[in-house]
Amino acid sequence: MPAMLTDVFRGHPIHLPHSHQPDFTSLRELPDSYSWTPKDDILFAAAPSPPTAVETIPLIDLDHPDAANQIGHACRTWGAFQIANHGVPLSLLQDVEFLTESLFGLPVKRKLKAARSETGVSGYGVARIASFFNKQMWSEGFTITGSPLNDFRKLWPQDHLNYCDIVEEYEERMKKLASKLMWLALNSLGVTEEDVEWARLTSDLSWAQAALQLNHYPVCPEPDRAMGLAAHTDSTLLTILYQNNTAGLQVFRDDLGWITVPPVPGSLVVNVGDLFHILSNGLFKSVLHRARVNQTRARLSVAFLWGPQSDIKISPVPKLVSPLESPLYRSVTWREYLQTKATHFNKALSMIRNHREE
Ligand SMILES: C=C1C[C@]23C[C@H]1CC[C@H]2[C@@]12CCC[C@@](C)(C(=O)O1)[C@H]2[C@@H]3C(=O)O
Ligand SMILES: O=C(O)CCC(=O)C(=O)O
Ligand SMILES: [Fe+2]
């Protein structure tokens, strides 16, 4: 039995007030506990981009002969890009959106039957990073890892099997897409399968695993003061994100501030996560991102958070480390990294950084 994500937080309980979640629909005013200021998140007010900002992450056509280089370039500059012609059927994206919409549309009492436990990964609740902030986020989430059967049975006593099929098919497609993207990006650096033995593309991909995070951002009475999902990087190799046709995702660039990622129907957003940053010896940027909310339309997103089996040691590819220097990071498993992140949040990367002798 391969090491699974399901038990990574066993020794790292979080205490979050799931059951105090307000009924978002009934609020006319933003409660103080949901009102963010720069002191709650230092980047809260950093240079918000106008909605029509000329620059945003590139949209890459996977059928383009130069796709690998474009992906490599996007990973080095933005740490994010969108993809078209990715091969995932539109009908499957619609099915997943429909599933997400019906899940969050269930009565709160029903959703709480599948509440995430304090030491668990799967289930309904606020995002795990909520414990690092004083203010609450204007969103609800549902995390799936391993089979969704048990949780889905609680949510939909009648037709959970249909929903399980959708998740299974989506994860299957995403898994293949994610490994293809990872290898396009690595190939652009001259890295081949001999350089990263554990991640062979030719195998059945059983070295990988994933979690699916469904997010719902309800309509918000005062969106400028609220935060849908606070700024974070993903602890993954790559994350593939589907967003419905409502803008809200923003990525951070040191030189530009927060940049909105406009929804492009049928396309998917790809984020470089912390593990890919480590593997690439810092060449690829794990992108800081967040989700804002709005006053007129509810927003949905589905993140496929993808990484290696929990006990595989990830370290910078030797080819990417210059001969006179030591690797930027020491080796770390996904399990160790998630546990470090669960305690130290945005300090996690620097904690596994090798300190160079000057
Ligand atoms: C496999 C993962 C990745 C997790 C933890 C665990 C399960 C849930 C993921 C998320 C999903 C929402 C944002 C995030 C920041 C969060 O709070 O929970 C993610 C986190 C991470 O990327 O660190
Ligand atoms: O909703 C979004 O656009 C972002 C979601 C996200 O960052 C996540 O689930 O990790
Ligand atoms: Fe994220």
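Residues numbered from 1 in each chain as written. Chains lettered and ligands numbered in written order. Predicted model: local features only at pLDDT ≥ 70, side-chain atom pairs only at ≥ 80, totals over all residues. Heavy atoms only, no water.

1. Describing the UniProt feature "domain: Fe2OG dioxygenase" (unreviewed entry) in the protein
Part 1 of the reasoning: With numbering aligned to this structure, UniProt lists the feature "domain: Fe2OG dioxygenase" (unreviewed entry) at residues 204-308.
Part 2 of the reasoning: When the span residues 204-308 is considered, its composition is 6% helix and 45% strand, and the gap between its end C-alpha atoms is 13 Å. (UniProt positions renumbered as here; feature names shortened; annotations may be inferred. Helix = DSSP H or I, 4+ residues; strand = E, 2+ residues; numbered from the N terminus.)

2. Thoughts on the sheet that holds strand S9 (residues 257-260)
Part 1 of the reasoning: Taken together, four strands build an open sheet; the order of strands is S6-S11-S8-S9 and the sheet is antiparallel. In the strand order of this sheet, the two ends are held by strand S6 (229-232) and S9, each with one partner. Strand after strand, the sheet turns through a mean of 25° between neighbouring axes, direction not considered.
Part 2 of the reasoning: Pairing geometry for strand S8 (residues 249-253) and S9, over four bridges, is antiparallel. What sits directly across from Gln250, in S9, is Thr260. (Pairing = 2+ DSSP bridges. Axes fitted to C-alpha atoms, helices over the stretch in contact; angles between N-to-C directions.)

3. What about the coordination of the iron ion (ligand 3)?
Part 1 of the reasoning: Within the protein, the atoms that donate to the iron ion (ligand 3) are His232 (NE2), Asp234 (OD) and His289 (NE2), at distances of 2.1 to 2.2 Å.
Part 2 of the reasoning: Between the donor residues of the iron ion (ligand 3), the gaps in sequence give the motif H-x1-D-x54-H. Of the two residues, Asp234 sits in the loop between S6 and strand S7 (238-243) while His289 sits in strand S11 (residues 289-291), which places them 55 residues apart along the sequence.
Part 3 of the reasoning: Judged by relative accessible area, His289 falls into the buried class, the value being 5%. (Donors = N, O, S within 2.8 Å, 3.2 Å for Na, K, Ca; no water. Buried < 20%, exposed > 50% of the residue type's maximum accessible area, 1.4 Å probe, protein only.)

4. Overview of the site of ligand 2
Part 1 of the reasoning: Ligand 2 sits among 13 residues. The nearest are Asn215, Tyr217, His289, Arg299 and Ser301.
Part 2 of the reasoning: Within the contact set of ligand 2, an oxygen atom lies 3.4 Å away from a side-chain nitrogen or oxygen of Asp234.
Part 3 of the reasoning: Arg299 places a side-chain nitrogen or oxygen 2.8 Å from an oxygen atom of ligand 2.
Part 4 of the reasoning: For ligand 2, whose unbound accessible area comes to 300 Å², protein coverage reaches 96%.
Part 5 of the reasoning: Its atoms largely coinciding with the cavity grid, ligand 2 occupies the largest cavity.
Part 6 of the reasoning: A class-by-class count of the residues in the shell around ligand 2 yields six nonpolar, five polar and two charged. (Near = heavy atom within 4 Å. Polar contact = N/O pair within 3.5 Å; in protein donor to acceptor, adjacent residues only side chain to side chain. Areas by Shrake-Rupley, 256 points an atom, 1.4 Å probe, with all protein chains shown as cover. 1 Å grid on protein atoms, 1.4 Å probe; cavity = no way out; pocket = protein on both sides within 12 Å on 5 of 7 lines; lining within 4 Å. Sits in = over half its atoms within 2 Å of the grid points. Nonpolar A, V, L, I, M, F, W, Y, C, P; charged D, E, K, R; others polar.)

5. Quick word on the packing of aromatic side chains
Part 1 of the reasoning: In total, this model carries eleven aromatic pairs according to the counting rule given.
Part 2 of the reasoning: Ring plane angle 45° and centroid distance 6.1 Å describe the contact between Phe142 and Phe152, whose orientation is recorded as tilted. Pair noted here: Phe142 is in strand S4 (residues 140-144) and Phe152 is in helix H4 (residues 149-155), with a separation of ten residues, a long-range link. In terms of burial, Phe142 and Phe152 fall into one category: buried.
Part 3 of the reasoning: Seen from their ring centres, Trp156 and Tyr163 are 3.9 Å apart, and the 25° between their planes marks the pair as stacked.
Part 4 of the reasoning: On the basis of relative accessible area, Trp156 is assigned to the buried category, the value being 6%.
Part 5 of the reasoning: Connected via pairs of aromatic rings, a cluster forms that spans Trp36, Phe132, Phe133 and Phe345.
Part 6 of the reasoning: Above the ring of Phe9, the side-chain terminus of Arg128 is found at 3.5 Å from the ring centroid.
Part 7 of the reasoning: Between Arg253 and the ring centre of Trp78, over which it is positioned, the NZ or CZ distance is 4.4 Å. (Phe/Tyr/Trp six-rings, centres within 6.5 Å; stacked < 30°, edge-to-face > 60°. Lys NZ or Arg CZ within 6 Å of the ring centre and 35° of its normal.)

6. Brief notes about the packing of helix H2 (residues 90-104) against helix H5 (residues 160-187)
Packed helices, taken two at a time, are described by their axes: the angle between them and the distance between them.
Part 1 of the reasoning: Where H2 meets H5, the closest approach of the two axes is 10 Å, and the angle between their N-to-C directions is 130°. If you check the angle between H2 and H5, you find them oblique. Crossing handedness for the pair H2 and H5: left-handed. Within the contact between the two elements, H2 uses Leu92, Leu93, Asp95, Val96, Phe98, Leu99 and Ser102 and H5 uses Tyr163, Ile166, Val167, Glu169, Tyr170 and Arg173. (Parallel < 35°, antiparallel > 145°, perpendicular 65-115°, else oblique. Left-handed = near helix turned anticlockwise from the far one by under 90°. Contact = heavy atoms within 4.5 Å.)

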